[in-house]
Amino acid sequence: MAFSEAEVQRARGAWEKMYANAEDNGTTVLVRMFTEHPDTKSYFTHFKGMGTAEEMEQSDQVRSHGKRVLTTINDLVQHLDSTDAFLGIVNPLGKKHAMQLKIDPKNFRIICDIILQLMEEKYGGDCKASFEKVTNEICTRLSNAYKEAGW
């Protein structure tokens, strides 16, 4: 990974803002993904019965999963300066989503784009710009894990 120390610090500063309210921001990300890309909801059998954004926003399951997504990204952000540690998180995550959960890898770009959109809305364009390289790295590394898993 090619992150300068300054890029790592800017990315961590930007992410800190998002992660400070992980449950609500994670919920917003998932609800947007499910409403703007309804096909993504098909991977979550326990979310299928929820028809409205309001139902999803109130769901403990959606809120919990949204927080889990942001917590995983937080773990990755903490290891931007260590390729081995970063890959130690992202590779098993990619393989699990490929082999066990059978999630289409295009969904990672969708969720990362929604995260960037939310960052820009809530914290401004500089915040988004500071985090774009991170989302690109996450998506690239997940894609590589999928390829290694035979996708």
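The rules behind each value
Residues numbered from 1 in each chain as written. Predicted model: local features only at pLDDT ≥ 70, side-chain atom pairs only at ≥ 80, totals over all residues. Heavy atoms only, no water. Axes fitted to C-alpha atoms, helices over the stretch in contact; angles between N-to-C directions. Helix = DSSP H or I, 4+ residues; strand = E, 2+ residues; numbered from the N terminus. Parallel < 35°, antiparallel > 145°, perpendicular 65-115°, else oblique. Left-handed = near helix turned anticlockwise from the far one by under 90°. Contact = heavy atoms within 4.5 Å. 1 Å grid on protein atoms, 1.4 Å probe; cavity = no way out; pocket = protein on both sides within 12 Å on 5 of 7 lines; lining within 4 Å. Points joined across faces, edges and corners; volume = space filled by probe spheres on them. Nonpolar A, V, L, I, M, F, W, Y, C, P; charged D, E, K, R; others polar. pLDDT = per-residue confidence, 0-100. Salt bridge = Lys/Arg side-chain N within 4 Å of Asp/Glu carboxyl O. Buried < 20%, exposed > 50% of the residue type's maximum accessible area, 1.4 Å probe, protein only. Core = buried A, V, L, I, M, F, W, Y, C linked by side-chain atoms within 4.5 Å. Expected span 1.5 Å × (residues − 1). Arc of directions from axis to C-beta.

1. Details of the packing of helix 5 (residues 83-100) against helix 7 (residues 125-148)
- Two numbers describe how helix 5 lies on helix 7: the axes approach to 8 Å, and their chain directions differ by 55°. One element, helix 5, and the other, helix 7, form an angle in the oblique class. Helix 7 is crossed by helix 5, and the crossing has right-handed handedness. Residues Phe86, Leu87, Val90, Asn91, Leu93, Gly94, Lys95, His97 and Ala98 of helix 5 form the contact with helix 7, whose own contacting residues are Glu137, Ile138, Arg141, Leu142, Ala145, Tyr146 and Glu148.

2. Observations concerning the layout of surface pockets
- Quantified by volume, the largest pocket comes out at close to 630 Å³.
- Listed by contribution, the elements that provide at least two residues to the lining of the largest pocket are helix 2 (22-36), helix 4 (60-77), helix 5, helix 6 (106-123) and helix 7.
- Of the residues forming the lining of the largest pocket, the biggest block, five residues, is contributed by helix 4.
- Looking at the lining of the largest pocket, its residues break down into 14 nonpolar, six polar and two charged.

3. Observations concerning the environment of Ile73
- Relative to the assigned elements, Ile73 resides in helix 4.
- Note: C-alpha distance between Ile73 and Tyr19 (54 residues apart in sequence) is 9.1 Å.
- In this structure, Ile73 is in contact with Trp15, Ile115, Phe131 and Ile138, ignoring residues within four places of it in sequence.

4. So, the confidence of the model for the protein chain
- Looking at the protein chain as a whole, the pLDDT averages 95, with 100% of positions reaching at least 70.
- When mean pLDDT is taken per element in the protein chain, helix 6 scores highest with 98 and helix 3 (residues 53-58) scores lowest with 94.

5. Structural notes on the pattern of salt bridges
- Tallied over the full model, the rule gives 10 salt bridges.
- Residues Lys106 and Asp39 are paired through a salt bridge, measuring 3.1 Å at the closest nitrogen-oxygen approach. Separated by 67 residues along the polypeptide, Lys106 in helix 6 and Asp39 in the loop between helix 2 and helix 3 bring together distant segments of the chain.
- Classification of Lys106 by relative accessible area gives partly exposed; the value is 42%.

6. Points about the nonpolar core
- By size, the foremost hydrophobic cluster in this structure holds 44 residues, and its most contacted members are Trp15, Met119 and Phe131.
- Looking at this core, the elements with two or more residues in it are helix 1 (5-19), helix 2, helix 4, helix 5, helix 6 and helix 7.
- Sort the elements by how many residues they give to this core and helix 6 lands first, with nine residues.
- Apart from the residues within four sequence positions on either side, Met119 is in contact with Ala14, Trp15, Met18, Gly124, Cys127, Lys128 and Phe131.

7. As for unusual backbone geometry
- The residue Lys102 is not glycine, and still its phi comes out positive at about 60°.
- Position of Lys102 relative to the elements: it lies in the loop between helix 5 and helix 6.
- On the accessibility criterion, Lys102 (49% relative accessible area) is partly exposed.

8. Here we look at helix 5
- In this model helix 5 runs 25 Å from its N-terminal to its C-terminal C-alpha over 18 residues, within 8% of the 26 Å that 1.5 Å per residue would give.
- Every buried residue belonging to helix 5 is among Phe86, Leu87, Val90, Asn91, Gly94, His97 and Ala98, and all of these are buried. All buried residues of helix 5 lie within an arc of 140° about the axis, which places them on one face of the element. Opposite the buried face of helix 5, by more than 90 degrees, sit the exposed residues Asp84 and Gln100.
- Against the buried residues of helix 5 lie helix 4, helix 6 and helix 7.
- Remark: Lys102 follows helix 5 within two positions and exhibits a positive phi of approximately 60°.

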